[in-house]
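What follows is each chain in one-letter form.
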Amino acid sequence: MIRKSIVLVLTGALALTACGKGSSGSSDGGAVKVGLITKTETNPFFVKMKEGAQAEAKAKGLTFLSAAGKFDGDNEGQVTAIENMVAAGVKGILITPSDTKAIIPAIKKARDKGVLVIALDTPTQPQDGTDALFATDNFKAGQLIGQYAKAKMAGKTAKIATLDLAPGVSVGILRHNGFLQGFGAATVDATATALATSPQVVCSADTAGDQAKGQTAMENCLQKSPDLNVVYTINEPAALGAYTALKAKGREKDVLIVSVDGGCTGVKGVQSGEIAATSQQYPLKMASLGVDAVAAFAKDKTKVSGYTDTGVTLVTDKSVAGVDSKDTKFGLDNCWG
Amino acid sequence: MIIPATARLRAATPRLSIPAGSTLGPLAALLLACAFFTVRTDTFLSGGNLSLVIQQVMVVGTLAIGQTLIILTAGIDLSCGAIMGFGGILMAKLAVDTGLPPLLAIVAGITVCGLFGLANGLLVTKISLPPFIVTLGVLNIAFALTHIYSDEQTISGLPSELTALGNTFPLGNTDVTYGSVLMLAMFGVFAYLLSQTAWGKHTYAIGNSPEAARLTGIPVQRRLLGIYALAGVVYGVAALLLIARTGVGDPKAGQTDNLDSITAVVLGGTSLFGGRGLVLGTLIGALLIGVIRNGLQLMGVPSIYQILITGILVILAVTVDQISRRRTR
């Protein structure tokens, strides 16, 4: 009985695949499909990106599919999503790769089947693993707040804490290095693949861009170097966590916090003075440009290529001479999340 | 020698014959899901797509074989995904960076996974620690070792031997992945071992009542140790499938696979209280997860709903198990 059912189930599983229609990815007729794969479902940045892509797909008359990894770094989840979207017959896939190297073989398979693949926000390694890249210049985003912090600290000796992302993630490295270069604390350019160091940096910690972890990291940095006076943060949740830790020590007035992202919560943090300045990026623009590119590809096979900078703006209410910036009213009009 | 042992066992534990019907519920759910997606999409029911689904569950499915063994003994293994992750990085790094012959790297990876399983088993049997805590500790150890050893770097450029199981062969007019066949074969072997050998009967008996099993002369400690070590070896095979599937050594892989494998086991109708369930049910559970994920994606439903539906199904499966347990008592 049991032995029979073993044979039955196993042969059934194989037979099912053998007697199917044979080909995958052949979608005939119907609307053109475009897929968006983000790192996670929950980060407001990706939520906004998804909204933008969905709205643009609707406007262009495309069918919109979306998927995400279960956690930041979930490569296999993204591989599965790519495979399923190719099986669904998409013309193009927009992806924010969780693991910039590990995703390459899966993207290659999709491209070999004639699917246009565009990286949003995060470049793959190598960058030509995708047809095109629509992203913020993260090095420049870091540079802007570095230059700003330098001007604000004029005449004082800077003791910097950096609250970073996670080991080996390119976005975190680019922003960190951009900041130190902009601040004049380190000689580094956008091609470096490791975090730059500087004698002025007294403490560095990873936060995964998480508010609670940002707070813990700041508390520990304050234990290590109580006299630090500049805090670079990977994003605004980490910045707000750092602010909470500084406030508990009564240091929130004399420590300068700068950040990157431009989410609505973050810009409000700039407005209320918790964060001095932030570099705002534009996920909606990445998404809509991506959808447009897929629509064009479906229409007449025109392929976008290379890198398109979707722009970055320094947002602060306490502007300094020599560094271009916009106020928080502009920031709130253009924020996401 | 085998026959008297099982005969003794039958006498001691009357409820040993497991009704094959216990996979009927999961099987019905799987067929229902397949029927639903066949009607709702024009891309689900194709050989290529179904082959894809099996390929997508081959890693978690294989892990879930080891998980089934341990859950049948009323244990649980939280460390399986992390052990697999370490095994995968070890194979990739030994082959690419250390320059070990690929086959040797594979053997080394599977052996180390087996040793992790053995460590779990030793802690559970010799020091009588609860499996939940032991495997939670080993989860963290294996996770940390993976990141320390890999230096957080993804390893690409693997030799072809390491990714061979990710290649396909034509069956009819469908491309089938070698790894899928390996997974199905392993399910077949373990279904046979569990249902037709004394070792299998012992496994169920230990899960039902270790004390009763001991009194019938089953070497409970030795069997448990063997089962944990064997599960580790199975995770090693899963590690090979993992790198074959993604084509890289990924230090972040496997982080949620422990819970995913438990989900597959539970959806397949195996009782978390031990002693009841079929490994083929686990295959059905794993396929059910894969079919729902794939089908919803083809329909254009965001992936978060797949997690929602899986959650609901898990609650349903556990409820069914609890009710049927109460009836049989």
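Everything discussed here concerns the structure shown above.
*Asks:* Could you give an account of the sheet that holds strand β4 (residues 116–120) of chain A, naming the residues involved and the relevant values?
*Replies:* Residues and elements named next belong to chain A. Here 6 strands make up an open sheet; going across it, the order is β2-β1-β3-β4-β5-β11 and the pairing parallel. Two strands bound the open sheet, and with one partner strand each, they are β2 (63–68) and β11 (306–309). This sheet shows a mean twist of 20° between the axes of neighbouring strands, independent of strand direction. The sheet contact formed by strand β3 (residues 92–95) and β4 spans 4 bridges and is parallel.

*Asks:* An account of the packing of helix α5 (residues 80–96) of chain B against helix α12 (residues 220–246) of chain B is needed here, citing residue identities and associated values.
*Replies:* Residues and elements named next belong to chain B. Close contact between α5 and α12 brings their axes to 8 Å; oriented N to C, the two are set at 60°. Put simply, α5 runs oblique to α12. As α5 runs across α12, the sense of the crossing is right-handed. On the side of α5, the interface is formed by Cys-80, Ile-83, Met-84, Gly-87, Gly-88 and Met-91, while α12 contributes Tyr-235, Gly-236, Ala-238, Ala-239, Leu-240, Leu-242 and Ile-243. In terms of residue class, the contact of α5 with α12 is built from 10 nonpolar, 3 polar and no charged.

*Asks:* Quick one: what's the story with the packing of aromatic side chains, residue by residue and with numbers?
*Replies:* Under the definition given, this model contains 9 aromatic pairs over all chains. Taken together, a centroid distance of 5.7 Å and an interplanar angle of 75° make the contact between Phe-86 of chain B and Phe-116 of chain B edge-to-face. Of this pair, Phe-86 of chain B sits in helix α5 while Phe-116 of chain B sits in helix α6 (residues 102–126), placing them 30 residues apart in sequence. With a relative accessible area of 10%, Phe-86 of chain B lands in the buried category. Residue Phe-116 of chain B is classed as buried on the basis of its relative accessible area, which comes to 13%. By way of ring pairs, the aromatic residues Phe-45, Phe-46 and Trp-336 of chain A are connected into one cluster. Sitting above the plane of the Phe-330 of chain A ring, Lys-326 of chain A keeps its charged end 5.1 Å from the centroid. Its guanidinium or amino end placed over the ring of Tyr-149 of chain B, Lys-93 of chain B lies 5.7 Å from that ring's centre, counting from NZ or CZ.

*Asks:* Tell me about the side chain of Thr-313 of chain A, and name the residues and values.
*Replies:* Residue and element names in this part refer to chain A. Relative to the assigned elements, Thr-313 resides in strand β12 (residues 313–315). Exposure remark for Thr-313: the relative accessible area of 16% places this residue in the buried category. A polar contact is formed between the side chain of Thr-313 and the side chain of Tyr-282, at a distance of 2.8 Å. Thr-313 has contacts with Leu-144, Thr-278, Ser-279, Gln-280, Tyr-282, Lys-326 and Phe-330, leaving out every residue within four places of it along the chain.

*Asks:* I'd like a rundown of a nonpolar patch on the surface, residues and numbers included.
*Replies:* Together, Ile-304, Tyr-305, Ile-307, Leu-308, Ile-309, Ile-312 and Leu-316 of chain B make up an exposed nonpolar region whose accessible area comes to about 620 Å². Along the chain, the position of Leu-316 of chain B falls in helix α15 (residues 304–328).

*Asks:* Describe the environment of Met-49 of chain A, listing the residues and the values that go with them.
*Replies:* Residue and element names in this part refer to chain A. Positionally, Met-49 belongs in helix α2 (residues 44–59). Judged by its relative accessible area of 0%, Met-49 is buried. On a C-alpha basis, the gap between Met-49 and Asp-121 in space is 9.7 Å, while along the polypeptide they are 72 residues apart. Other than its neighbours up to four places away in sequence, Met-49 contacts Leu-36, Thr-38, Thr-96, Leu-120, Asp-121, Pro-283, Met-286 and Ala-287.

What counts, and where the lines are drawn
Residues numbered from 1 in each chain as written. Chains lettered and ligands numbered in written order. Predicted model: local features only at pLDDT ≥ 70, side-chain atom pairs only at ≥ 80, totals over all residues. Heavy atoms only, no water. Pairing = 2+ DSSP bridges. Helix = DSSP H or I, 4+ residues; strand = E, 2+ residues; numbered from the N terminus. Axes fitted to C-alpha atoms, helices over the stretch in contact; angles between N-to-C directions. Parallel < 35°, antiparallel > 145°, perpendicular 65-115°, else oblique. Left-handed = near helix turned anticlockwise from the far one by under 90°. Contact = heavy atoms within 4.5 Å. Nonpolar A, V, L, I, M, F, W, Y, C, P; charged D, E, K, R; others polar. Phe/Tyr/Trp six-rings, centres within 6.5 Å; stacked < 30°, edge-to-face > 60°. Buried < 20%, exposed > 50% of the residue type's maximum accessible area, 1.4 Å probe, protein only. Lys NZ or Arg CZ within 6 Å of the ring centre and 35° of its normal. Polar contact = N/O pair within 3.5 Å; in protein donor to acceptor, adjacent residues only side chain to side chain. Patch = residues over 30% accessible without salt bridge, like charges linked within 9 Å, V, L, I, M, F, W, Y side chains within 5 Å. Areas by Shrake-Rupley, 256 points an atom, 1.4 Å probe, with all protein chains shown as cover. Salt bridge = Lys/Arg side-chain N within 4 Å of Asp/Glu carboxyl O.

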